[in-house]
Amino acid sequence: SPEAAAGARAQSQKAPPPSAGDPAPPAPKRPARLGFNEKRELAALPAKIEALESEISALEAALSDGTAYARDPVRAAADAARLPAARSELETVLERWMALEELAAK
């Protein structure tokens, strides 16, 4: 009958169940050293850190001026919004730099 043939085809198309006795092979361990891109990133980070520190200093100086909001309230608000973002970015970059330095020392 056609129904029996369809059922037999559906049965034969099912994948066999995975064997519980076959453990997955362990993933090969990557050597703990810097790759090409990580070396390039590490070389570029000091300049990025310096630029962020300079930007933060400039923002702090601009916002410490009592007349900043009176002279240009839009710019002062933008500076005030950028300052915490720049600090957060600097923290992230410093953490990455430390991680790469630690990896390079191995």
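Now for a description of the structure that goes with this document. Only a predicted model underlies this, so the values are computations on that prediction, with no experimental measurement involved.

### A short note on the pattern of salt bridges
Using the criterion set out here, one finds 6 salt bridges in the structure. Residue glutamate 41 pairs with arginine 96 through a salt bridge whose shortest N-O separation is 2.9 Å. Here the residue glutamate 41 occupies a position in helix α2 (residues 36-64), and arginine 96 occupies one in helix α4 (residues 73-105), the gap between them amounting to 55 residues. For glutamate 41, a relative accessible area of 28% puts it in the partly exposed group. In the salt-bridge network here, residues are joined through shared partners; they are Glu55, Arg82 and Glu89.

### A few points about the environment of glutamate 55
Structurally, the position occupied by glutamate 55 is in helix α2. Discounting chain neighbours no more than four positions away, the residues touching glutamate 55 are Arg82 and Ala86.

### Focus: a nonpolar patch on the surface
Together, Leu94, Trp97 and Met98 make up an exposed nonpolar region whose accessible area comes to about 260 Å². Classification of tryptophan 97 as partly exposed rests on a relative accessible area of 31%.

### With respect to the environment of glutamate 60
With respect to the helices and strands, glutamate 60 occurs in helix α2. Note on glutamate 60: relative accessible area 34%, which makes it partly exposed. The sequence separation of glutamate 60 and leucine 83 amounts to 23 residues, and the corresponding C-alpha distance is 7.6 Å. When residues no more than four places from it in sequence are discounted, the contact partners of glutamate 60 are Leu83 and Arg87. A distance of 2.5 Å separates the side chain of glutamate 60 from the side chain of arginine 87, its partner in a polar contact.

### Examining α4
Spanning 33 residues, α4 covers 48 Å between terminal C-alpha atoms, matching the ideal 48 Å at 1.5 Å per step. Along α4, the helix axis deviates most sharply at arginine 82, where the bend reaches about 25 degrees; the proline proline 84 sits within four residues downstream. In this structure, the buried side of α4 is in contact with α2 and α3 (68-71).

### A few points about the nonpolar core
Core analysis: the biggest nonpolar cluster contains 12 residues, these being Leu34, Leu42, Leu45, Ile49, Leu52, Ile56, Leu59, Leu83, Ala86, Leu90, Val93 and Leu100. The set of elements that each furnish at least two residues to this core consists of α2 and α4. Per element, the largest residue contribution to this core is 6 residues, and it comes from α2. If near-sequence neighbours (up to four positions away) are discounted, leucine 100 is found in contact with Leu34, Glu38, Glu41, Leu42 and Leu45.

So, how was this worked out
Residues numbered from 1 in each chain as written. Predicted model: local features only at pLDDT ≥ 70, side-chain atom pairs only at ≥ 80, totals over all residues. Heavy atoms only, no water. Salt bridge = Lys/Arg side-chain N within 4 Å of Asp/Glu carboxyl O. Helix = DSSP H or I, 4+ residues; strand = E, 2+ residues; numbered from the N terminus. Buried < 20%, exposed > 50% of the residue type's maximum accessible area, 1.4 Å probe, protein only. Contact = heavy atoms within 4.5 Å. Patch = residues over 30% accessible without salt bridge, like charges linked within 9 Å, V, L, I, M, F, W, Y side chains within 5 Å. Areas by Shrake-Rupley, 256 points an atom, 1.4 Å probe, with all protein chains shown as cover. Polar contact = N/O pair within 3.5 Å; in protein donor to acceptor, adjacent residues only side chain to side chain. Expected span 1.5 Å × (residues − 1). Bend = angle between axes of the 7 residues up to and from the residue. Core = buried A, V, L, I, M, F, W, Y, C linked by side-chain atoms within 4.5 Å.

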